[in-house]
Amino acid sequence: MSQVVAPLPEVAHQHAVFADGLPLDCGAVVVPLTVAFRTYGTLNAERSNAVLVCHALTGDQYLAEPHPVTGKPGWWESIVGPGKPLDTDRYFLVCANVLGGCMGSTGPRSEMTDAEGRGLGRPWGTDFPQVTIRDMVRAQKRLMDHLSIPRWLAVIGGSMGGMQVLEWAATYPDAVLAAAPIACAAHHSAQNIAFHEVGRQAIHGDPDWMGGRYWEDGRIPARGLAVARMVAHITYLSEQALTRKFGRRLRGASALTFLEDVFEVESYLRHQGSTFVRRFDANSYLTITRAMDFFDLAAEHEGNLARAFAGTSTRFFLASFSSDWLFPTEESRAVVRALNAAGARVSFVEIDSDKGHDAFLLEEPEFHAALGGFLRGAAEKAGV
Ligand SMILES: CC(=O)SCCNC(=O)CCNC(=O)[C@H](O)C(C)(C)COP(=O)(O)OP(=O)(O)OC[C@H]1O[C@@H](n2cnc3c(N)ncnc32)[C@H](O)[C@@H]1OP(=O)(O)O
Ligand SMILES: N[C@@H](CCO)C(=O)O
């Protein structure tokens, strides 16, 4: 794969700026706070049909429109639009780039500022404070207030998006009528942290990473970031999916060669790696993977997950996928048990799928029907 990759293009994003900044769990304050976001559909007169969609690790706010960097369709276009489960004729969808991201919200690519918000003429890079999932949610709460949305009809998200949903329900219970954490867990497992660490080490080991100051020479650690994505991408699939897609198929006539890309699956992974580095920032990757690793909702509540949801009136819907070994069904069941212990209203479905963790992004009609039905039920209850 090519080592010569241009830095990410500068793209203008719709955004809100909060001059007073955001205090973070680590004690630092980022001043100002910028939250880049997109909306789909129309906010009704009662302001009661707003749905927050939280994106996963490498997603962004371009939920249902062409991506401004890659030109590819939005990551949930299959279920967002008129008449679809996330029906834009009925709901007002809000999707924000997470704090620490690289698509317009404050993150390592943003200009570093001092405590008064004065620009220091260089990106934050690795000086960007370590953010948490709760910090990301607090940033979204600022956006919610800015948009004068009194309460979310629903907060929805998969993977790291699901972690944000759980955090929303725990931190701002009165602001969330319905919550749908999909293919996620209440904490990141040791195995998941381990895979993230392999990716981080790949980035650190790339000579073009330059201690995180790659931007000084207009470089990016393309090899390291691509390898990080390749490793991570394997965890988003399943053995069955890889076998179904590629099996042991060769690209050339013979396997007994030292040429690159002998197997189709190698070529596929290299493609996933090389396209990723054209749309994502390495320092954001380091920051956000760490935020996922630190996520432990029970630990935020004296080690008792049920306490995170004590007294909640939010209605919950959880979904997992049978072949997801990154966030296995058992992790969702543990959340369901805690919700039951807290007396919450919760429904749960395990979708039979061989597509692995990324099934939540793919064509899964049973999942789409279940999510759409849950949302319609919440909307009817709220008179939307
Ligand atoms: C919730 C969020 O916000 S998450 C953000 C989600 N977006 C991403 O993760 C983007 C990158 N990830 C992907 O593309 C994921 O695989 C998915 C889940 C989104 C898409 O999955 P699928 O539709 O099953 O696509 P698949 O995994 O087969 O990949 C297709 C790509 O591989 C390429 N490909 C397929 N076989 C090969 C091969 N043998 N050699 C090289 N490339 C190959 C295709 O040309 C296609 O390339 P393109 O995406 O540049 O057009
Ligand atoms: N494939 C998705 C989901 C990972 O959890 C992403 O890249 O963000």
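This one's a predicted model, so the numbers in the text were calculated from it and none came from an experiment. Residue numbers here run from 1 along each chain, matching the order of that chain's written sequence. Going through the entries in the order they are written, you letter the chains from A and number the ligands from 1. The predicted origin of the model limits local features to residues at a pLDDT of at least 70 and limits the giving and counting of side-chain atom pairs to 80 or more, whereas totals for whole chains, interfaces and linings rest on all residues. The basis for every side-chain value is the complete set of heavy atoms in the structure, and neither hydrogens nor water enter the calculation.

1. Notes on the UniProt feature "active site" (unreviewed entry) in the protein chain
Moving on, step 1. UniProt positions are given in the numbering used here, feature names are shortened, and annotations may be inferred rather than shown by experiment. Under the local residue numbering, the UniProt record ascribes the feature "active site" (unreviewed entry) to S159, D324 and H357. A maximum C-alpha distance of 10.7 Å among these annotated residues, which run over 199 residues, shows that they cluster at one spot.
Moving on, step 2. Under the scheme used here, helices are H or I runs from DSSP no shorter than 4 residues and strands are E runs no shorter than 2 residues, and both carry numbers assigned from the N terminus. With respect to the element layout, S159 can be found in the loop between β9 (152-158) and α2 (160-171).
Moving on, step 3. Setting aside residues no more than four positions away along its own chain, S159 makes contact with A56, I182, A183, C184, M292, F327, H357 and F360. Should any heavy atoms of two residues lie within 4.5 Å, those residues are counted as being in contact.

2. Thoughts on the site of ligand 1
Moving on, step 1. Here a residue is considered near a molecule or strand provided that any single heavy atom belonging to it is located within 4 Å of it. With respect to spatial proximity, 19 residues lie near ligand 1, and among them K245, E264, S267, Y268 and H271 are the closest.
Moving on, step 2. Between K245 and ligand 1, the recorded distance is 2.5 Å, taken from a side-chain N or O atom to an oxygen atom.
Moving on, step 3. Whenever a nitrogen or oxygen atom comes within 3.5 Å of another N or O atom, the pair is scored as a polar contact, on the condition that within protein one atom can donate a hydrogen and the other can accept it, and that pairs from neighbouring residues in sequence are kept only if both atoms are in side chains. Note that an oxygen atom of ligand 1 is positioned 2.6 Å from one of the side-chain N or O atoms of H271.
Moving on, step 4. The element contributing the most residues to the shell around ligand 1 is helix α6 (residues 264-276), with five residues.
Moving on, step 5. Tallied by class, the residues present in the shell around ligand 1 amount to seven nonpolar, six polar and six charged. Three residue categories are used. Nonpolar comprises Ala, Val, Leu, Ile, Met, Phe, Trp, Tyr, Cys and Pro, charged comprises Asp, Glu, Lys and Arg, and polar comprises the others, including Gly.

3. A word on the environment of G247
Moving on, step 1. Its location among the elements puts G247 in the loop between α5 (239-245) and α6.
Moving on, step 2. Sequence-wise, G247 and G199 are 48 residues apart; in three dimensions their C-alpha atoms are separated by 25 Å.

4. Topic: the environment of S189
Moving on, step 1. Here S189 shows up in the loop between β10 (176-182) and α3 (190-204).
Moving on, step 2. The sequence separation of S189 and P85 amounts to 104 residues, and the corresponding C-alpha distance is 30 Å.

5. Observations regarding the pattern of salt bridges
When the charged atoms of two side chains lie near each other, side chains of opposite charge can form a pair.
Moving on, step 1. Within this document, salt bridges are pairs made up of a side-chain nitrogen of Lys or Arg and a carboxyl oxygen of Asp or Glu, the two lying within 4 Å of each other. Scanning the model with the defined rule gives 23 salt bridges in all.
Moving on, step 2. Here D293 makes a salt bridge to R200, at a shortest N to O gap of 2.8 Å. With D293 in helix α7 (residues 282-294) and R200 in helix α3, this residue pair connects regions lying 93 residues apart in the sequence. The pair D293 / R200 is uniform in exposure class, with both members buried.
Moving on, step 3. Linked by salt bridges that have partners in common, D25, R134, D135, R138 and E300 make up one network. Only protein chains enter the area calculation, which uses a 1.4 Å probe; residues under 20% of their type maximum are buried, those over 50% are exposed, and those in between are partly exposed.

6. Some points on the site of ligand 2
Moving on, step 1. Around ligand 2, the neighbouring residues are A56, L57, T58, G59, S159, R229, Y236, H357, D358 and L361.
Moving on, step 2. Note that an oxygen atom of ligand 2 is positioned 3.4 Å from one of the backbone N or O atoms of L57.
Moving on, step 3. At 2.6 Å from an oxygen atom of ligand 2 is found a side-chain nitrogen or oxygen belonging to T58.
Moving on, step 4. All accessibility values rest on the Shrake-Rupley procedure with a 1.4 Å probe; residue burial counts only the protein chains present in the view. Here ligand 2 has 250 Å² of accessible area as a free molecule, and 94% of this is covered by the chains.
Moving on, step 5. Looking at side-chain class alone, the shell around ligand 2 contains four nonpolar, four polar and two charged residues.

7. Observations concerning the side chain of T132
Moving on, step 1. Mapped onto the elements of the fold, T132 is located in the loop between β8 (119-123) and α1 (133-146).
Moving on, step 2. Setting aside anything within four residues of it in sequence, one finds T132 in contact with D25 and A291.

8. Considering the packing of aromatic side chains
Moving on, step 1. Working definition: a ring pair exists when centres of Phe, Tyr or Trp rings (six-membered ring for Trp) sit within 6.5 Å. Plane angles under 30 degrees give stacked, over 60 give edge-to-face, the rest tilted. Taken as a whole and assessed by the stated rule, the structure comprises 12 aromatic pairs.
Moving on, step 2. With a centroid separation of 6.1 Å and 85° between ring planes, the pair formed by W152 and W168 is classed as edge-to-face. Placement of W152 in strand β9 and of W168 in helix α2 is noted, with a sequence separation of 16 residues between them.
Moving on, step 3. On the basis of relative accessible area, W168 is assigned to the buried category, the value being 0%.
Moving on, step 4. Between F280 and Y285, the ring centres sit 6.3 Å apart and the planes meet at 90°, which makes this aromatic pair edge-to-face.
Moving on, step 5. By relative accessible area, which is 5% here, F280 ends up buried.
Moving on, step 6. An aromatic cluster is built from W152, W168 and Y172, whose rings are joined through pairwise contacts.
Moving on, step 7. Our definition puts a charge over a ring when NZ of Lys or CZ of Arg is within 6 Å of the ring centre and also within 35 degrees of the ring normal. Between the NZ or CZ atom of K141 and the centre of the ring of Y172, over which it lies, the distance is 5.4 Å.
Moving on, step 8. Above the face of the F276 ring, R229 is positioned so that its terminal group lies 4.6 Å from the ring centre.

9. Examining the packing of helix α4 (residues 222-236) against α6
Moving on, step 1. Here an axis means a line fitted to C-alpha atoms, over the contact stretch when the element is a helix, while the angle between two N-to-C directions is reported on a 0 to 180 degree scale. The interhelical angle for the contact between α4 and α6, taken along N-to-C directions, is 125°, at an axis separation of 8 Å. Accordingly, the angle class assigned to the pair α4 and α6 is oblique. Two packed elements cross with a definite hand, and for α4 against α6 that hand is right-handed. Facing L225, A226, R229, M230, H233 and I234 of α4, the residues of α6 in contact are Y268, L269, R270, Q272, G273, S274 and F276.
Moving on, step 2. Classifying every residue of the contact of α4 with α6 gives seven nonpolar, four polar and two charged. For this classification, under 35 degrees means roughly parallel, over 145 means roughly antiparallel, 65 to 115 means roughly perpendicular, and everything else is oblique. Two helices that cross are described as forming a left-handed crossing if the nearer one is turned anticlockwise from the farther one by less than a right angle, and a right-handed crossing if clockwise.

10. Points about the sheet that holds β10
Moving on, step 1. DSSP-based pairing: two strands are paired if at least 2 bridges between them are found. The strand order across the open sheet built from eight strands is β1-β4-β6-β5-β9-β10-β11-β12, with neighbouring strands paired in mixed fashion. Unpaired on one side and paired on the other, β1 (15-18) and β12 (345-351) mark the two borders of the sheet. Adjacent strand axes in the sheet meet at a mean angle of 20°, parallel and antiparallel pairs treated alike.
Moving on, step 2. Where β9 lies against β10, six bridges are found, and the strand directions are parallel. For I156, the partnering residue across the bridge sits in β10 and is A180.
Moving on, step 3. Sheet strands in contact with α2 are β5 (50-54), β9, β10 and β11 (315-321), and its direction is about 145° off that of β9.
Moving on, step 4. Relative to β11, helix α9 (residues 329-341) is tilted by about 165°, and along the sheet it contacts β11 and β12.

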